[in-house]
Structure formats: structure tokens, C-alpha cells
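# Chain and residue survey
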Amino acid sequence: NLNSLSEQLERSISDLHEANEKLQADIEREKEFISNVSHELKTPLALIQGYAEGLKVNVNEDEADKNFYCDVIMDEAEKMNRLVKQLLDLSQIESESLNLERVDFDLGQMVQQVLKKNALLFREKKIAVQCEEDGELAVNADYDLTEQVLLNYLNNALNHVDDRGIIRVDLARLAGRARVTVFNSGQPIPEESLEKIWNSFYKVDKARTRAYGGTGLGLSIVRAIQDAYQNGYGVSNVAGGVAFWFELDLADH
């Protein structure tokens, strides 16, 4: 009995130690997350405050200056609005409070619809997005969340495409799943960053990310959505560029 009690006590202490280590790791992650959010908000808040004060002091200056000050304030407010919205989306998905509204739909039609809605963005960068389909693909998934994953990949491709301006969306049936791959011509992702890019606020090139107003949350939202589906996602450096992919369940027909 004493031996049995000793073993149980040892197991309990071991479990407590493991739980404590996990708690410490969670606390560190939360601290880092809060620090990153604060850092992301600090710059736009400082700019808004500075230009608002400048606008008040120089209210009688010429119209061009006033318009410039107002444009900066609106741009920075929009960045904060986008960041807060993405944080709320990420929080809702990761807290498992999001109900997946699964429906059957044609994946090719959805992709074409997304490309059509965002055609203006592609035209501005003089990019004709190619789309290759491997026959009709009926999938079972949450339509809006699937659209969000695709949009996040397309935005990422737009922000990193090189002067060749090649973006391609491939749809294929692979190992009992539908797979969507978004390729963009450009520089490969450093090997040490391939796993880290899915982490919140991780940025391979911080200067470039600031230039296009990225938050570093787009790929974390992809990860959270795909984890909720229990479906695969990933990225590979391929010849001439980078390919991001995600998978969906096929519809039962």
C-alpha cells in the first residue's frame, strides 16, 4: 500500500510539474502577444496624436497641408481598425467559440468569384492571376472562412510578388482532399522562417511589412482556421517563387 501510495504521489507531483511548465509557457506566450499588440499599436497611435496636434496648431495653414494631415490620421486609424478586427477574428477562432457552418459548394466557382471581386487590386499591380483547375471540385466547408483563407494567401502573394508579377492559383484533388495552392514569383522564404511565419506577428522582412501595412496576423488566421477544420496547410519554396497551400474536405456525392 505504501509503495502504491508513493507511486501515485510521484505521478501527481510529475503531473503538477508538467502542468506548471505548461502554465509558465502559456504566460510567456501571453506576455509576448501583449507586447506585440502594444508594439503594433504604438506607431499608429503616436502618428495620429502627432498629426492631430499639428492639425490643431496649424489649422490656418494651406489646404494641402490640412488634407495631408487628415489623410495620415485616417490611414493610421484604418491600420488599427484592421489589426483589431484580425485580433478579434483570431481570438474567436482559437477559443473554439466559432461554429463552422459547413456547406457543399463548387470550389472552382468560389475561387473565380474571389478573383473577380479583387480584380481591381490585381490590375493596380499589373498582375493577371492565372487559375488552373483539375476538373470540378465539390467541397464541404465553411464558405466564408474558406474565402478568408484564400484572400489571406492572395494578399500575401500580392505583397511579396516580384517584378515578374506571376500569381497562380491551382486547384487539385490530392489524397482524398481538395488542395488549393497559391504561387507567387519572388524570393524564397529563409529556411529558418518557414515554420515561424504561422506565428502571430512574425514578419520575415519587417521593413517590407511596414511598407505595405501588414499586421503579421494573416497567416496565423489561416493556421487557426485550418486547425479548426483539422485540415492541412503549408508553404514550400519552389522553382521561381513560393507556394502556399491549404486543404479542404471533399463533398460526399
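Description of the structure in this document. Predicted model, so just to flag it, every value in this text is computed and none were measured.

Let us look at the pattern of salt bridges. A full pass over the atoms with the stated rule returns seven salt bridges. Measuring nitrogen to oxygen at the nearest pair gives 3.2 Å for the salt bridge that ties Asp-249 to Arg-102. Here Arg-102 lies in strand S1 (residues 102-106) and Asp-249 lies in strand S7 (residues 241-250), a separation of 147 residues in the sequence. Taking relative accessible area as the criterion, Arg-102 reaches 34% and is therefore assigned partly exposed. The closest approach of N and O atoms between Asp-162 and Arg-164, which form a salt bridge, is 2.7 Å. For Asp-162, a relative accessible area of 25% puts it in the partly exposed group.

When you line up the elements, Gln-130 lands in strand S2 (residues 130-133). Residue class for Gln-130 comes out partly exposed when judged on its relative accessible area of 37%. Residues Gln-130 and Asp-170, 40 residues apart in the sequence, show an inter-C-alpha distance of 8.4 Å. When sequence neighbours within four positions are dropped, the list of residues in contact with Gln-130 reads Ile-166, Ile-167, Arg-168 and Val-169.

Let's shift gears to the packing of helix H5 (residues 143-160) against helix H7 (residues 218-229). In contact at an axis separation of 9 Å, H5 and H7 are set at 150° when each is read in the N-to-C sense. Looking at the two axes, H5 sits roughly antiparallel to H7. When the axes of H5 and H7 are compared, the crossing they make is left-handed. Of the residues in H7, those in contact with Leu-145, Thr-146, Gln-148, Val-149, Asn-152, Tyr-153 and Asn-156 of H5 are Gly-218, Leu-219, Ile-221, Val-222, Ile-225, Gln-226 and Tyr-229.

With that settled, the discussion passes to the nonpolar core. Among the nonpolar cores identified, the biggest contains 46 residues, and Leu-107, Tyr-153, Leu-154 and Phe-244 are the most heavily contacted of them. Within the residue set of this core, elements represented by two or more residues are helix H2 (63-94), helix H3 (107-117), strand S3 (138-142), H5, strand S4 (167-174), strand S5 (177-185), H7 and S7. For this core, the element with the most residues is H5, which contributes seven residues. For Leu-154, the residues in contact, after removing those within four places along its chain, are Val-114, Leu-115, Phe-122, Ile-167, Val-169 and Val-182.

Rules used throughout
- Residues numbered from 1 in each chain as written.
- Predicted model: local features only at pLDDT ≥ 70, side-chain atom pairs only at ≥ 80, totals over all residues.
- Heavy atoms only, no water.
- Salt bridge = Lys/Arg side-chain N within 4 Å of Asp/Glu carboxyl O.
- Helix = DSSP H or I, 4+ residues; strand = E, 2+ residues; numbered from the N terminus.
- Buried < 20%, exposed > 50% of the residue type's maximum accessible area, 1.4 Å probe, protein only.
- Contact = heavy atoms within 4.5 Å.
- Axes fitted to C-alpha atoms, helices over the stretch in contact; angles between N-to-C directions.
- Parallel < 35°, antiparallel > 145°, perpendicular 65-115°, else oblique.
- Left-handed = near helix turned anticlockwise from the far one by under 90°.
- Core = buried A, V, L, I, M, F, W, Y, C linked by side-chain atoms within 4.5 Å.

Scope: geometric values only; no functional claims are made or implied.
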